[in-house]
Each structure stands twice: as structure tokens, then as C-alpha cells.
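# Residue-level structure breakdown
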Amino acid sequence: MAKVGGQKADGSVRPARRAVLTGIGDDCAVLRLRPEQEFLVTTDFTLEGIHFRRDWHPPESVGHRCLARGLSDIAAMGGEPVAAFLSLALPRDVAQAWVGRFARSLISLGEKFGVTLAGGDTAESPNGILADIIVVGTAPKGKAVLRSGARPGDRIFVSGELGGSAAALLLMRSKPKKKLNARDYRRHFYPEPRIEVGRVLRAKGMASAMIDTSDGLSTDLAHLCEEGGVGAELDAALIPRAKVGKPPREVDLDLALHGGEDYELLFTARPGKRVPAQIAGVTLTCIGHITRPRTILVRNLKGLAYELEARGWEHFR
């Protein structure tokens, strides 16, 4: 695979990656390590019947979402993505045209962020489609933003809006034979990894802890609080809820709290740290603060507080 450049959030072109010396064509990819950088490595499965259905999701959406999952993990560390490695297992009934559309969409998203598809593997699957994506990124030495940095008094922020992906999934489950127009539900079919937002938060030292909302706000906030040994209090009125469908309608609070696969960034900031209203055109909203007691509370629209149960995505539940 030839090395490619990509488009930055401001529209300028990102130069071709120098870290990938040799990609597809040899037994191994060759990456150049720099002493002033640390490498970030993440891996994610995309499984037919769990993460997508062929009768619901066009192959372009499956390819896009496959890579977006890994890119979002890199964004949550404040990193710069460099290369991706894809292992794809396919049943015999999958047409070559489906595979081509899947691959072109995945590669297109990679080009946008300067990511080279540097290798992988293919195999036959006895059941459904299985895609395992590995994404490699970099961050300056000792500067990657971890989940464990939140402290009592820190403010809690989230990028973008929440619940849009879950709203689309809920609608597909309620009407399994109806195909949704992907343009009306882009947050589900074509989520946008917040690479530039994460990079700026890390570069400017704004985020004390960070995680992406792949599993849902309630579950991912619980992960962040657990790693930091803290609790949190959220204001339900401040949580930004997505508008989806045609005409667009605001999703229920329940979906914004527990719906996953939004791939927004959830982060904390020290009390005196200035956080702008937007980064790279993406809105940042303060939705609460970190507390010393290790419980997570939500103050509802009437001002009454209740404990928030983590009801987002959890494997094997």
C-alpha cells in the first residue's frame, strides 16, 4: 500500500507519514521509532451480528466504523495516528464487490488522518465477517493523556453530542426490515474520530484525564473515575443530546447517558484551566465535576440527585 497524506481538521493537507518505512508487500511492516516519541497501540474487533448487520449497514459504513473505533482510542490519548493493520475473515458468500467497498471506505478514512494501511491478513470464516483492526499512533514522550489523572474539583467535559448512534440502532431494532438513510444518521453509520480535538487537548495541557465514549457516557465515566479513585456529579440539563432523523429530533436523556458508539471525547480539566467552547469546530460542553466520594451522581432537571448506574456496553454482560 502506498504511503498517503491526509487532510487536517482545518482543511490543510497532512504530510505523508515518515514512520511507515515499508508497508504491504513484505513479511512485516517497518516502522521508524523516534526517541522523543512513545508509540500508542490499540486493537478492536468488528464482528458481524454484534457490531453490524449486512442487511442494516452498507459495506462503506462497516469499513469506516472499523477504523474509526481504533482512531478514537488514539484520539482519547491525545495521539497522532500513524498506521493500521487489518485482519479480515470472510465467509464464502461475501461478494468481492462488498469487500472492495469496505476496503475503499476504510482506506479513505485513513487518508483523511494520514494513516497508512500497512499490513494485515485475510482468512476464511465459517460463520460471519470478523475484522480485527490494530492502529498505531504516537504521542510525545510522557505526554499521552491517561484515564487516571482526574482529581476532586476537576470539571468534566464532553465533545460533540451524545446518543445519536444509539438512537439509530434502537430504530433499526424496532423496525428490522426498514433501511435507514445513512445521511440522516451519520453519527451511527459514519462517526467522526476526534483526532484533532484530542491532539489539541494534549498539546495545550488542558485535559487531566480522558477516555472516548465508545461504551456510553455512564460506563466510560465509571471507567475514568475508577482509574482515578474518584467520583463525579453530572448535571442532566447540560448533557448535549444529539438530534437525529428527518426531521431531526433530540434523543432521550437515557440514550445520551447510556448509548455507546458515539466516539466523542470525555475528559476532565483542572479548575483553573481554560477550556475553549470549541476545538476544530467541535463543541466542548462542561457537564459536571469530579468529587472525592467515589459515587457517580446525576442531578436531574428538577435539581434532585440520584446515583448513576453504568448501563452502557459491557462485554459478556
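Above this text you will find the structure in question.
All of the points below concern the structure found in this document. Note that the structure is a prediction, hence the values are computed from the model and not measured.

Rules used throughout
- Residues numbered from 1 in each chain as written.
- Predicted model: local features only at pLDDT ≥ 70, side-chain atom pairs only at ≥ 80, totals over all residues.
- Heavy atoms only, no water.
- Helix = DSSP H or I, 4+ residues; strand = E, 2+ residues; numbered from the N terminus.
- Rg over C-alpha atoms; globule rule 2.2 N^0.38 Å.
- Buried < 20%, exposed > 50% of the residue type's maximum accessible area, 1.4 Å probe, protein only.
- Contact = heavy atoms within 4.5 Å.
- Areas by Shrake-Rupley, 256 points an atom, 1.4 Å probe, with all protein chains shown as cover.
- Phe/Tyr/Trp six-rings, centres within 6.5 Å; stacked < 30°, edge-to-face > 60°.
- Expected span 1.5 Å × (residues − 1).
- Salt bridge = Lys/Arg side-chain N within 4 Å of Asp/Glu carboxyl O.
- Pairing = 2+ DSSP bridges.
- Axes fitted to C-alpha atoms, helices over the stretch in contact; angles between N-to-C directions.

As a further point, take the overall build of the chain. Of regular secondary structure, the chain possesses seven helices and 18 strands. Relative to the 2.2 N^0.38 estimate, which gives 20 Å for 317 residues, the radius of gyration of the chain is 20 Å and therefore close to what a compact globule would have. Along the first, second and third principal axes, the C-alpha atoms of the chain reach 60 × 55 × 35 Å. Every one of the 317 residues in the chain was classed for burial, and the buried ones make up 51%. Long-range pairs, those at least 24 residues apart, make up 81% of the contacts in the chain with a sequence separation of at least 6. When the accessible surface of the chain is split by element, carbon and sulfur atoms take 51% of a total near 15400 Å².

Moving on to the packing of aromatic side chains. When we look at a pair of aromatic rings, we describe it by the centre distance and by the angle of the planes. Scanning the model with the defined rule gives three aromatic pairs in all. Here W98 and F102 contribute two aromatic rings whose centre-to-centre distance is 5.6 Å and whose plane-to-plane angle is 15°, an arrangement assigned as stacked. Here W98 pairs with F102, and both are found in helix 2 (residues 96-112), just four residues apart, close to one helical turn. Of the two residues, W98 and F102, both sit in the buried class. Through a chain of ring-to-ring contacts, the aromatic side chains of F52, W98 and F102 assemble into a single cluster.

The subject of this paragraph is helix 2. Each turn of an α-helix holds 3.6 residues, which means side chains three or four residues apart point in the same direction. With 17 residues, helix 2 extends 25 Å from end C-alpha to end C-alpha; this agrees with the ideal 24 Å at 1.5 Å per step. All of the buried residues along helix 2 are W98, V99, G100, F102, S105, L106, L109 and G110. Its buried side turned inward, helix 2 meets helix 1 (59-76), strand 6 (80-90), strand 7 (116-124) and strand 8 (130-140).

Take the pattern of salt bridges next. Taken as a whole and assessed by the stated rule, the structure comprises 16 salt bridges. The salt bridge partner of R194 is E264, with a shortest N-O separation of 2.9 Å. Of this pair, R194 sits in the loop between helix 4 (186-189) and helix 5 (195-203) while E264 sits in the loop between helix 7 (253-258) and strand 14 (265-269); the two residues are 70 residues apart in sequence, bridging distant segments of the chain. When its relative accessible area of 4% is taken as the criterion, E264 is described as buried. If you follow the salt bridges from partner to partner, you end up with E48, R54 and D93 in one network.

Quick look at the sheet that holds strand 5 (residues 37-47) now. Across the sheet, which stays open at both edges, the four strands sit in the order 5-8-6-7 with mixed pairing between neighbours. Each edge of the open sheet is held by one strand with a lone partner, namely strand 5 and strand 7. Between one strand and the next, the sheet's axes are offset by a mean angle of 15°, whatever the strand orientation. Note that strand 6 and strand 8 share nine bridges and pair antiparallel. Counterpart to E80 in the pairing with strand 8 is T138. With respect to the sheet, helix 1 is in contact with strand 5, strand 6 and strand 8, its orientation differing from that of strand 5 by roughly 145°.

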